[in-house]
Amino acid sequence: MKTRATLIGFTAILMWSFLALMTAASGTMPPFQLSAITFAIGSLPGIITFILKPERIRQLRQPAKVWLTGVVGLFGYHFLYFTALRNAPAVEAGLIAYLWPLLIVVGSALLPGERLRWYHVVGALAGLAGTVLIVAKNGIDFDPAYGFGYLAAFLCAFTWAGYSLITRRFEAVSTDVVTGFCLATSVLSALCHLGLETTVWPENLSQWAAVVGLGIFPVGLAFYAWDHGVKNGDIQILGASSYAAPLLSTLILTLFGFAEPSLRIAIACVLITGGAILAAQDMIRRPAKAEADA
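Residues numbered from 1 in each chain as written. Predicted model: local features only at pLDDT ≥ 70, side-chain atom pairs only at ≥ 80, totals over all residues. Heavy atoms only, no water.

Caption draft 1: Quick peek at the packing of helix α3 (residues 31-42) against helix α10 (residues 178-196). Running from N to C, α3 and α10 point in directions that differ by 160 degrees, and their axes come no closer than 7 Å. Comparing the axis directions of α3 and α10 gives the class roughly antiparallel. When the axes of α3 and α10 are compared, the crossing they make is left-handed. Only Cys-182, Thr-185, Ser-186, Ser-189, Ala-190, Cys-192, His-193 and Leu-196 of α10 make contact with α3, whose side of the interface consists of Phe-32, Gln-33, Ser-35, Ala-36, Phe-39, Ala-40 and Gly-42. For the contact of α3 with α10, the per-class residue count stands at eight nonpolar, seven polar and no charged. (Axes fitted to C-alpha atoms, helices over the stretch in contact; angles between N-to-C directions. Helix = DSSP H or I, 4+ residues; strand = E, 2+ residues; numbered from the N terminus. Parallel < 35°, antiparallel > 145°, perpendicular 65-115°, else oblique. Left-handed = near helix turned anticlockwise from the far one by under 90°. Contact = heavy atoms within 4.5 Å. Nonpolar A, V, L, I, M, F, W, Y, C, P; charged D, E, K, R; others polar.)

Caption draft 2: How the structure looks around the packing of helix α6 (residues 90-97) against helix α9 (residues 147-169). At a minimum axis separation of 7 Å, α6 and α9 run at an interaxial angle of 30 degrees. What the angle tells us is that α6 and α9 run roughly parallel. Between α6 and α9 lies a crossing of right-handed hand. In this structure, α6 contributes Glu-92, Ala-93, Ile-96 and Ala-97 to the contact, and α9 contributes Tyr-150, Ala-153, Phe-154, Cys-156 and Ala-157.

Caption draft 3: Representation of the packing of aromatic side chains. Enumeration over the complete set of coordinates arrives at 21 aromatic pairs. Centroid distance Phe-32 to Phe-79: 5.9 Å. Interplanar angle 40 degrees. Geometry classified as tilted. You can see Phe-32 sitting in helix α3 and its partner Phe-79 sitting in helix α5 (residues 64-87), a full 47 residues away along the chain. Note on Tyr-98 and Trp-100: the rings are 5.5 Å apart at their centroids and 45 degrees apart in plane angle, and the pair reads as tilted. For Tyr-98, a relative accessible area of 18% corresponds to the buried category. (Phe/Tyr/Trp six-rings, centres within 6.5 Å; stacked < 30°, edge-to-face > 60°. Buried < 20%, exposed > 50% of the residue type's maximum accessible area, 1.4 Å probe, protein only.)

Caption draft 4: Quick peek at the layout of surface pockets. Roughly 1,500 Å³ of volume is contained in the largest pocket. Broken down by element, the lining of the largest pocket gets its largest block of residues, six residues, from α5. Each residue belonging to the lining of the largest pocket can be placed in one class, and the counts come to 29 nonpolar, twelve polar and four charged. (1 Å grid on protein atoms, 1.4 Å probe; cavity = no way out; pocket = protein on both sides within 12 Å on 5 of 7 lines; lining within 4 Å. Points joined across faces, edges and corners; volume = space filled by probe spheres on them.)

Caption draft 5: Fine view of the side chain of Lys-231. As for its position among the elements, Lys-231 is in helix α11 (residues 205-232). Look at Lys-231 and you get buried, because its relative accessible area is 4%. Looking at Lys-231, its side chain comes within polar contact range of the main-chain oxygen of Val-173, at 2.7 Å. Contact partners of Lys-231, with chain neighbours within four places excluded, come to Thr-167, Arg-168, Phe-170, Glu-171, Val-173, Ser-174 and Thr-175. (Polar contact = N/O pair within 3.5 Å; in protein donor to acceptor, adjacent residues only side chain to side chain.)

Caption draft 6: Representation of the nonpolar core. Counting 50 residues, the largest nonpolar core has Trp-16, Leu-74, Trp-100, Trp-160, Phe-181, Phe-223 and Trp-226 as the members making the most contacts within it. Among the elements that take part in this core, α11 stands out by supplying seven residues, more than any other. Those residues in contact with Trp-16 that sit more than four places away from it in its chain are Trp-100, Trp-160, Pro-218, Ala-222, Phe-223 and Trp-226. (Core = buried A, V, L, I, M, F, W, Y, C linked by side-chain atoms within 4.5 Å.)

Caption draft 7: Highlighting empty space enclosed by the protein. Summed over all chains, the structure comprises one cavity of 30 Å³ or more. As a volume, the largest cavity reaches approximately 50 Å³. Looking at the largest cavity, the residues that line it are Val-66, Thr-69, Gly-70, Thr-167, Phe-170, Val-173, Val-177, Phe-181, Asp-227 and Lys-231. Elements that contribute at least two residues to the lining of the largest cavity include exactly α5 and α11. No other element matches the three residues that α5 contributes to the lining of the largest cavity. Looking at the lining of the largest cavity residue by residue, the classes come out as five nonpolar, three polar and two charged.

Okay, structure coming up:
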């Protein structure tokens, strides 16, 4: 059961790996407008479920702390990420924001029933090192002038890690509630768009297809899968494995001609894959132990 839930959670990481490609293919729509539209689309699976099974809409009746965690997690992460990109160079901001997998692994030690092992931390650090190789291909230069943007990026990482860890404590709460989180994030993103951005619509059918694809997968089903994974799976493995997203994203961009293959990517592949395998020792040993006991 735990292994299955972990694998479901990992499908979210796979879907997030298509985020860069689909975003690039969606045209020049500003981020909050894109967020508003895609999160609205992302809520559709839940809405369809509520229409087919009206009794499940009762799952939206949750304590304020559940709603606060979900809305701050989804909307807060994206708001802070966009703020970081507006106020700091993308490379440095992206690297700081991608501290969240490491924060999840380390923070899991605070969860009931979890035990942090050395291989969890080393696996997550290896993944971070591989991510640095991918993202910082032209070097890193942290300039104090962009301090506000760096702070927003760190808060972004802390927000998503906190959301994931706190969600673990709400394991009795149905994943149906993610529908409400997506709808709230869509509305708040729309308000930010109206106040901060100029509306830009897709220019052709392929851009619209990319927007719809974003809403269905990386900004839709991925959040439902992640919710199920962190509540019922191995959150330490999911945290360390999350560094696979930038690697797979780079490989996908390379496959579609948006990036060039290199030795740097190969080394990053070894670091991230090796780190994920190292962090997954408990899950790997479990079937072997069960077979030995049998």
